[in-house]
Amino acid sequence: MTAKLSTLSLADLYDRDIVLWSERTIELLRQGKFDELDMENLIDEVGDLGKRERDRLLSSIRLILHHLLKWEYQPEKRSRSWAKTIQRERVNIQDYLEETPSLVQIINAAGLEKAYKTARRHAAIETDLPLKTFPQNCPYQWAKVLDDSFPSDLNNQQISF
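This text gives an overview of the structure that appears in the document. (Residues numbered from 1 in each chain as written. Predicted model: local features only at pLDDT ≥ 70, side-chain atom pairs only at ≥ 80, totals over all residues. Heavy atoms only, no water.)

**Structural notes on the overall build of the protein chain**
Within the protein chain one finds six helices and zero strands. Going from N to C terminus, the protein chain has its helices and strands arranged as α-α-α-α-α-α. Over its C-alpha atoms the protein chain spans a radius of gyration of 22 Å, topping by over 25% the 15 Å that the globule rule assigns to 161 residues. Taken over the C-alpha atoms alone, the protein chain extends approximately 60 × 40 × 30 Å along its principal axes. Looking at the protein chain as a whole, 35% of its 161 residues are labelled buried. Within the protein chain, contacts between residues separated by at least 24 positions form 61% of all contacts whose residues are at least 6 apart in sequence. (Helix = DSSP H or I, 4+ residues; strand = E, 2+ residues; numbered from the N terminus. Rg over C-alpha atoms; globule rule 2.2 N^0.38 Å. Buried < 20%, exposed > 50% of the residue type's maximum accessible area, 1.4 Å probe, protein only. Contact = heavy atoms within 4.5 Å.)

**With respect to the side chain of Thr85**
Residue placement: Thr85 occurs in helix α4 (residues 80–99). Residue classification places Thr85 among the buried positions, given a relative accessible area of 9%. Once residues lying within four places of it in the same chain are set aside, the contact partners of Thr85 are Leu63 and His67.

**Examining the environment of Asp128**
Inspection of the secondary structure puts Asp128 in the loop between α5 (109–127) and α6 (142–146). Between the alpha carbons of Asp128 and Glu72 there is a distance of 14 Å; along the sequence they are 56 residues apart.

**Thoughts on the nonpolar core**
Formed by 30 residues in total, the largest nonpolar core has its most connected members in Leu57, Ile61, Leu65, Tyr140 and Val145. Broken down by secondary-structure element, the contributors of at least two residues to this core are α3 (39–73), α4, α5 and α6. The dominant element in this core, judged by the number of residues it contributes, is α3, at eight residues. Beyond its immediate sequence surroundings of up to four residues, Ile61 is in contact with Ile93, Ala115 and Trp142. Membership of the second largest hydrophobic core comes to eight residues, among which are Leu8, Leu10, Trp21 and Leu28. (Core = buried A, V, L, I, M, F, W, Y, C linked by side-chain atoms within 4.5 Å.)

**Some words on α5**
Given a rise of 1.5 Å per residue, 19 residues ought to cover 27 Å, and the 26 Å separating the end C-alpha atoms of α5 matches this to within 8%. Where α5 is concerned, the buried positions are Gly111, Leu112, Ala115, Tyr116, Thr118, Ala119, Arg120, Ala123, Ala124 and Thr127. Looking at the packing, one finds that the buried side of α5 touches α3 and α6. Residue Asn108 occupies the N-cap position of α5, its side-chain oxygen lying 2.7 Å from the main-chain nitrogen of Gly111. Downstream of α5 by a residue or two, Asp128 has a phi angle that is positive, lying close to 65°. (Expected span 1.5 Å × (residues − 1). Polar contact = N/O pair within 3.5 Å; in protein donor to acceptor, adjacent residues only side chain to side chain.)

**Comments concerning unusual backbone geometry**
The omega torsion of the bond from Phe150 to Pro151 falls at -15°, within 30 degrees of zero and hence cis. Its location among the elements puts Pro151 in the segment after α6. At Asp128, a position not held by glycine, the phi torsion is positive, near 65°. Residue classification places Asp128 among the exposed positions, given a relative accessible area of 70%.

Purely geometric numbers; function is a separate question.
What follows is the structure, encoded as structure tokens:
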């Protein structure tokens, strides 16, 4: 029979119920009971915070690239949904960069190429087009990826539904 959560050490609780672990950790921090903290897992969690923020940014970048590829290579299937996804993710990126300015370091050529590799595979899967249809290297520069007016027909109100 397993021990009740209330009787578990903080370190054991981490593996069983991360939400309860975080609530107890916050309470210990507020009370200044630093010697009772599960430091190993606390350090890991704080380290993961930055990774999660970076991953949110990269996810938005990949989604934009994915939809730009579909937009370019399947013009007959363009939809308002694709346009809205590109627009929404551009807003998300602006928000991420305002909230966490250090994320701007991800916006470089290497970050774009890394995001593009995944976006290219997703676009091939979703469109049923061969992977080789899409350029091996990212055909878009950062300025275009983040430019609300690119592609020029993105905001065209005559997109079919």
